[in-house]
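# Fold and geometry: a report
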Amino acid sequence: MAEWNAYYQNEDEDEEQEEGEQSGGDYKVTGRDSLVFLVDASKEMFIKGEDGEPSNFDMTMQVVRSVYTSKIISSHRDLVALVFYGTEQSKNPRNSFKYVYVYHDLDEPGAKRVQEVDALRGEKGARLAAETMGSGETSLGDALWCCANLYSDIKLRLSHKRLMIFTCRDEPHRGDSAKDRQARTKASDLKETGVIIDLMHLMKPGGFDVAPFFRDIVSQPEDESELGLHLEPCDKLEDLQKRVRAKEQKKRAMARLNLCLGEGINVAVGIYATAVTARKPAAIRLYRETNEPVRSKTRTFHMQTGSLLLPSEIKKAQTYGKKQIVMERDEVDSIKKFQDPGLYLIGFKPMEKLKTHHHIRPAVFLYPEEGEVKGSACLFSALLMKCSERNVFALCRCVSRRNYPPRFVALVPQREEVDEGKVQFTPPGFNVIYLPYADDLRTLDPPQCPSASQIQVDKMKEIVSKLRFKYRSEAFENPVIQQHYRNLEALALDMMAPEDTEDLIMPKVDQINHRLGPLAEEFKDLVYPAGYNPESKSVAKRKTAIVGGVAEKKPKAEVPEDELRAHVQNGTLGKLTVPVLKEACKQFGVRTTGTKKQELIDALTTRLAA
Amino acid sequence: MAGTKSALVLCMDVGFSMSNSAPGEEPPFELAKKVIQKFVQRQVFAENKDELALVLFGTDSTKNPLDRDGQYQNITVHRHLMIPDFELLEEIENQVHPESQQADWMDALVVCMDLLQTETKGKKFDRLNVALLTDLSTQANQDHLDVIIENLKQAGITLQFFLPFPAEDDEEGGGDSDRRGPGHPGTGKGLSREQKESLDLVKHVMLSLDEEDGLDQVYTFRDAIEQLCMFKRIERRPMAWPCQLTIGSCLSIRIVGYKAVTEERLKKMWVTVDAQSNQKEDVKRETVYCLDDDNETEVKKDDTIQGFRYGSDIVPFSKVDQDQMKYKHDGKCFAVLGFTKQNLVRRHQFMGSQVVKMFAPKDDEHAGVALSALIRALDELQMVAIVRYAYDRRSNPQVGAAFPCVKQDYECLMYVQLPFMEDLRQFTFPSLENNKKLSPSDTQLSAVDSLIDSMMLVQKDDDDADQKDIFKVHHIPNPAFQRHFQCLHHRAVNPGTPLPPMEPWLKAALERPDVISERCQAPLEEIKRKFPLIEVEKKKKLKTSAQIFGKDAEEPDAKKAKGDEEEDYNLADIAEGSVTSVGSVDPARDFRTLIKLKSLPFGEVCQQLTHRIEQLLSNKNTHYYMKSITCIQAFREQSVKLGNADLYNSYLQSLKRSIPNRRLEVFWDLLVQDAITLISKDEVEGSTVSKNEANQFLVVEEKKEEAAVPSAEDTGDVDDLLDMM
């Protein structure tokens, strides 16, 4: 067991290393991402749907809230703003715009803001909105201008600027062409400064027509296909959430590499991490008196002289076979260097050669970088089409960054898929699957067990069929992270207790039992003999213990002193078991802090060698 | 096999015949020495618990426990059974030399057997082995052959022979003929009578130990060196994880999990040592905390508390509170949440860094049957179980998929972690196929087709259903480890010399196989012709950065406050690489940038700017007025800088004249407030305006207000103003 535990404790460290590889490149681009929600607050937005369905305004607030909380979890440095237009009251930095209400200016979202958005939700929220803001005239031009000011008031460097308009009115100015014109001008000004404007149009009776007005307001999609502009309005929260989420995060390449097919044939590609294990963020240290964050400085100094050591004054060492092997620091780096970063095509293999169990880390995604090498997209696209058509994957050698040893990867083709609303749910490109080396596969000794009979298998099939469901990867929240943030939220907002989290990965035992009905018993009758209880630990062992009457105490593990000394001399202490070593430590009065085997060995060695 | 321990005696012939060799060939002694060196190296770096002994025979002296009455002469136990270390390697390097005696290899074998039996007493070894390296040139004493074989069998000692020549001629080589390539020196023909007799004896011994595959354990030196050049792969003992698979609360199956696939890391980390003393004890790392003030005031660790970021808030949250409030669960579990179609679990969504295989416990066949029923049911239905997996109480629970795996000799479930909602990033990418500009033509597609044909790594034999995979990644040892050990070994044996180049075999193992390289030549040329690839020049990069950074002023205020104008402009340069005209968004900034870039004549840039100012003023709105004023300020500032006052002065004068006509009094007031006046002689030499006039320019306005009206007529037209420049 010790070893397993050790793995788990080390996992964090290991993954830290990996993290560097996975997401380290994410923030190469300096500057913050920013997102402005520009929400229509006209009367139409507050009309509730049939059967008590939430109003468009309510739906929007839910989405805004979920973006706020997800930003807090995944990218707290992004700036978010919430602005209403078509309000009766006005509130903006210089109060120079009428009918524009800046609810939140561009800033990092925090607990208070989440709470404030919460206040706008539901029935109560609608009332609060009516009280504080009201509904008045609409001037989208002023609203856009106000947003432009929000951007320009920010002293920070912004890298990605996005503005989302939520509305259910396709003609906000009711045909006032001067206002329309002003809005268009302002929109184009914004676009000129690099702001991407999206329209999240919501359902209204009679349908939402993007064409007459909003077509000129929103940014053109990155490509020339029609995909960018969703012509269908959203009427479901889930849809809206999906659309917003798809746009809300700026996709950033972890690395830009060349995919080399052969001498002089280099396709520029970007590597994207589409799934990265979200973790609880690291704690930060605060000064007790003031609660202000402190910085940590790590320095290396000489034990004897106490002087700080320069990087040139330290070396790296490892000990093997009782010999210390010393290297310079740059030598340690150079050992890891094989080739320059890049992907190098080895060949192709049929898809069935990609084994399910050859999995060592999460996959990444490959997409061409036409901006680096012109023509990349065309060759990439041709490779993608052909690989997919012929059901093959490309095997490549991959050096993801400088001084990283090579790994082999499978480039698995993935064709684009869109849903009925023409929203892309699978992007086109190659999934990069990391393949294990010989060292990564462990030799196991599978036990010989009888196989089940067809009757037994068929009974299990009934059980399986009863518990079928449609798996969706986004269906499960991480209860650990959710709880952590609820706790923080509660502390930040001085709430009495954190909000309850639902553990979505807990089996719904009652439901399962109910659905199975008698099947579970029937299956057990088929496979287990009477009296067999799989719950009891190690059935066979317990029986002997009972037969023997009083449970025997383990004989004390003791090793004679001279034998121990011999072990120390030959360096073979490792052969003894942990309990024996512990006993030996006690025997010699050696105090150990750790319980790990190596610690025990080290302690004994120092004691007995002396 | 991982988790087992063996005891091994290397028994090497150092007698005089080992030094004989045909001209141009390495003597058998050198080859044999290489074999043991490589072998011991591997053992040292593998750091397992295997123990090694070294026995030499043919030595001038005699040193062994059986040395009695002139028997077992010229045999030396050089090193007793213990864990190998660098000392042994150095001894082999420096103390093992060709000597001038000959000894009976059968006697040496007996010494080895005796050593194994006496020195393994009281210890548990899973495997006892003797490796004999000899040229078989001495006549072996066969008197006790049967007794020896019987003893070997009883003690469970296995034998390996390493010879300078192959044991079998190729015609009878049979099964493993592929293992030895052509070109081995000294095949059967060149053998002496003694060697032939001994070889027969070797065969006899090996076959009586293992009738079928006995001869597989007879190697040539060259084969052995080739195989040993690889460092051992890292092996870890598989640790069992016993648990119960549960479906609801009524059905559970006992299982045992083992990590089957995981990215292996080196067992040892680099330790930092002092460069002078090479002692790690001399180096201490220390972390101190300090406040973020100018003095970087240090605070004690005890005076700090733990906190977390919640968006923009920092929440103090002590470890104790955190532990109390954190998510808790019931510990170890493998609970089925439901079952789903295999194709809904996409390969690229696998998370985590491992695959765990779940078997039934060894001693529980009922669990085996129950688990088998589940595995087969899933396999037949093409489904997987979605499960909640928690390693133990302290670790975080996961959601994952358990895939059925039905193999010829075993069945198991394979568990892989799946993503949580928080892990996913929904990126959308522009369509490739629907983009007409990018979509490849038919001839381009067929070029890719033939490339794929030429580069298939799996070959189908026509007569054989089997496919041969010529590039199995999971058979390649991790090159990083190989290189790591190669360098460590080099440094240990040759301190003070630079690190060696990479081993050629390792380099070759990472390259495209030669067959493929040859075959894909032509199709690659075709691709090159059909797909033009042009590297985009650096200039373009500038533009991208402008797009990324955004074009508007981000930190000018802060910068200006510091009077750090120069740097501001540098920044502007980088960000504004693509400014080609004075735009409407931030005309002042564009204007400055263009002047700085000098890409357009001064007059033209000024004209663009005044054009914008006029546009802004036509809006009659305070916001626009403010913007106009910043433009005029910029205009003035740059004109002074360049020493060209005329354009600015004449523009401002005509602007002033047009005020009443255009009802821009409000705007003029703002201008007066900001004291933006003409450029005087004092500022720019060429100016025709005196300092006094400049000051008067704004002041006199009020008095002249009425007078200005009549003169407005001839200056009212904006276009005229612009034409002046």
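Numbers given to residues run from 1 along each chain, matching the order in which its sequence is written. Chains carry letters and ligands carry numbers; both start at the beginning, A for chains and 1 for ligands, and go up in the order they are written. Per-residue local features are limited, in this predicted model, to residues with pLDDT of at least 70; the limit for side-chain atom pairs, both in listing and counting, is 80 or more; totals at the level of whole chains, interfaces and linings are taken over all residues. Note that the side-chain values use all heavy atoms of the structure and ignore hydrogens as well as water.

## Overview of the overall build of chain B
Secondary structure is summarised from DSSP: a helix means a run of H or I of at least four residues, a strand means a run of E of at least two, and numbering begins at the N terminus for each. The helix and strand inventory of chain B stands at 23 helices and 21 strands. Only protein chains enter the accessibility calculation, which uses a 1.4 Å probe; a residue whose area is less than 20% of its type maximum is buried, one above 50% is exposed, and one in between is partly exposed. Taken across its 725 residues, chain B has 52% of its residues classed as buried. Pairs at least 24 apart in sequence give 69% of the contacts found in chain B among residues at least 6 apart. Methods summary: accessible areas were calculated by the Shrake-Rupley approach with a probe of 1.4 Å, and residue burial reflects only the protein chains presented. With the model as given, the accessible surface of chain B reaches about 34,400 Å², and the carbon-plus-sulfur share is 47%. Note on definitions: a residue-residue contact is assigned when non-hydrogen atoms from the two residues lie within 4.5 Å.

## Describing the sheet that holds strand S16 (residues 383–390) of chain B
Residue and element names in this part refer to chain B. Taken together, 7 strands build a closed barrel; the order of strands is S7-S8-S15-S18-S17-S16-S14 and the barrel is mixed. Pairs of neighbouring strands in the sheet enclose a mean axial angle of 40°, with direction left out of account. Strands qualify as paired when DSSP identifies two bridges or more between them. With 5 bridges connecting them, S16 and strand S17 (residues 398–406) associate as antiparallel partners. Note on S17: the bridge partner recorded for isoleucine 386 is alanine 401. Fitted lines through C-alpha atoms give the axes, limited to the stretch in contact for helices. The angle between two N-to-C directions lies from 0 to 180 degrees.

## Some details on a negative patch on the surface
Residues and elements named next belong to chain B. Exposure above 30% relative accessible area and the lack of any salt bridge qualify a residue for a patch; like charges then connect within 9 Å, and the nonpolar side chains Val, Leu, Ile, Met, Phe, Trp and Tyr within 5 Å. Think of a salt bridge as a Lys or Arg side-chain nitrogen and an Asp or Glu carboxyl oxygen that are within 4 Å of each other. Counting rule applied: Lys, Arg positive; Asp, Glu negative; His and chain ends not counted. Taken as the charge location is NZ of Lys, CZ of Arg, CG of Asp or CD of Glu. Residues Asp210, Glu211, Glu212 and Asp213 make up a contiguous surface patch of negative charge. Of note, aspartate 213 is situated in the loop between helix H5 (193–209) and strand S6 (218–220). Residue classification places aspartate 213 among the partly exposed positions, given a relative accessible area of 41%.

## Details of the interface of chain B and chain A
Every contact between the two is made by 230 residues of chain B and, on the other side, 241 residues of chain A. Simply put, the buried area is the total loss of 1.4 Å probe accessible area from both parts when two parts are fitted together. Summing both sides of the interface, chain B and chain A together bury roughly 22,900 Å²; the carbon and sulfur share of this comes to 60%. Summed over the shared surface of chain B and chain A, the result is 17 salt bridges. With its nearest N and O atoms 3.1 Å apart, the salt bridge here joins A:Arg397 to B:Glu511. Any pair of N or O atoms that falls within 3.5 Å is considered a polar contact. Within protein, one atom must be able to donate a hydrogen and the other to accept it, and sequence-neighbouring residues count only if both atoms are side-chain atoms. Seen at the junction of chain B and chain A, the total is 84 residue pairs in polar contact (both at pLDDT 80 or more). Counting residues per element, the side of chain B that touches chain A draws most heavily on helix H8 (residues 365–381) of chain B, at 14 residues.

## Examining the environment of A:Val218
The residue A:Val218 is located in the loop between helix H7 (214–217) and helix H8 (237–248) in this model. Once the C-alpha coordinates of A:Val218 and A:Pro406 are considered, the two residues, 188 residues apart in sequence, prove to be 44 Å apart.

## Quick word on the pairing of strand S4 (residues 127–133) of chain B
Residue and element names in this part refer to chain B. For S4, a buried count of 6 out of 7 residues is recorded, marking the element as mostly surrounded by other parts of the structure. Here 7 bridges tie strand S1 (residues 6–13) to S4, and the two strands are oriented parallel to one another. Within the sheet, the bridge partner assigned to serine 6 lies in S4 and is arginine 127. As paired elements, S4 and strand S5 (residues 157–163) share 6 bridges and run parallel to each other. What sits directly across from leucine 128, in S5, is isoleucine 157. Note that the unit made of S4, helix H4 (residues 145–155) and S5 has a crossover that is right-handed. Seen with its strands pointing away from the viewer, a crossover is right-handed if its path from the first strand over the helix to the second goes clockwise.

## Re the sheet that holds strand S11 (residues 298–299) of chain B
For sheets, the rule is that strands pair by backbone hydrogen bonds, running either parallel or antiparallel. Pairing is antiparallel in the open sheet, where 3 strands are placed in the order S9(A)-S10(B)-S11(B). Each edge of the open sheet carries a strand with a single partner, namely strand S9 (294–302) of chain A together with S11 of chain B. Relative to strand S10 (residues 283–291) of chain B, S9(A) runs antiparallel, the two sharing 9 bridges. Its bridge partner lying in S10(B), A:Ser296 is registered against B:Tyr289.

## A look at the confidence of the model for chain A
Residue and element names in this part refer to chain A. The pLDDT value tells you how sure the predictor is about a given residue, anywhere from 0 up to 100. Scored by pLDDT, chain A comes out at a mean of 81, with 87% of its residues at no less than 70. Between residues 1–29, whose pLDDT stays under 50, and residues either more than four places distant or in other chains, the model counts 63 contacts. In this model residues 539–554 is a low-confidence stretch, pLDDT under 50, and it forms 5 contacts with partners more than four residues away in sequence or in other chains.

## Brief notes about the pairing of strand S15 (residues 392–399) of chain A
Residue and element names in this part refer to chain A. Extensive coverage of S15 is indicated by the burial of 8 of its 8 residues. Burial along S15 is two-sided: the face carrying Val392, Ala394, Cys396 and Cys398 and the face carrying Phe393, Leu395, Arg397 and Val399 are both buried. As paired strands, S15 and strand S16 (residues 407–414) are joined by 5 bridges and run antiparallel to one another. Residue arginine 397 lies in a different strand from S16, and its bridge partner there is phenylalanine 408.

## Observations regarding the packing of helix H16 (residues 587–597) of chain B against helix H17 (residues 602–617) of chain B
Residues and elements named next belong to chain B. Interaxial distance between H16 and H17 falls to 10 Å at its minimum, and their mutual angle equals 180°. Judged by the angle between their axes, H16 and H17 are roughly antiparallel. Across from Pro587, Phe591, Leu594 and Ile595 in H16, the residues of H17 making contact are Phe602, Val605, Cys606, Gln608, Leu609, Arg612 and Leu616. Broken down by class, the residue content of the contact of H16 with H17 amounts to 9 nonpolar, 1 polar and 1 charged. Working rule for angles: under 35 degrees goes down as roughly parallel, over 145 as roughly antiparallel, 65 to 115 as roughly perpendicular, anything else as oblique. Residue polarity is assigned by list, with Asp, Glu, Lys and Arg as charged and Ala, Val, Leu, Ile, Met, Phe, Trp, Tyr, Cys and Pro as nonpolar; anything else, Gly included, falls into the polar class.

## Section: helix H18 (residues 622–642) of chain B
Taking 1.5 Å as the rise per residue, H18(B) with 21 residues should run 30 Å; its terminal C-alpha atoms sit 30 Å apart, in good agreement. One or two steps after H18(B), the chain reaches B:Gly643, where phi turns positive at roughly 65°. A helix is expected to span 1.5 Å multiplied by its residue count minus one.

## Comments concerning the packing of helix H11 (residues 454–466) of chain A against H8(B)
Between H11(A) and H8(B), the shortest axis-to-axis distance is 8 Å and the interhelical angle comes to 65°. Classified by the angle their axes make, H11(A) and H8(B) are roughly perpendicular. Handedness of the H11(A)/H8(B) crossing: right-handed. Contacts between H11(A) and H8(B) pair A:Gln454, A:Gln456, A:Val457, A:Met460, A:Lys461 and A:Val464 from the former with B:Val369, B:Ala373, B:Leu374, B:Arg376, B:Ala377, B:Leu378, B:Glu380 and B:Leu381 from the latter. Residues that form the contact of H11(A) with H8(B) fall into these classes: 9 nonpolar, 2 polar and 3 charged. Crossing chirality is assigned from the near helix's rotation relative to the far helix, an anticlockwise turn below a right angle marking it left-handed and a clockwise turn marking it right-handed.

## Some details on the nonpolar core
Grouped together as the largest cluster of nonpolar side chains are 100 residues, with contacts concentrated most on A:Leu261, A:Phe348 and B:Ile386. Considering every element that reaches this core, the biggest residue donor is helix H10 (residues 376–390) of chain A, with 9 residues. Setting aside chain neighbours within four positions, we find A:Phe348 in contact with A:Leu383, A:Cys387, A:Val392, A:Phe393, A:Ala394, B:Leu451, B:Ile452, B:Met455, B:Met456, B:Leu457 and B:Val458. The next biggest cluster of nonpolar side chains, apart from the first, holds 74 residues, and it includes A:Tyr85, A:Ala187, A:Val195 and A:Ile217. To form a nonpolar core, buried Ala, Val, Leu, Ile, Met, Phe, Trp, Tyr and Cys residues must be joined to one another through side-chain atoms within 4.5 Å.

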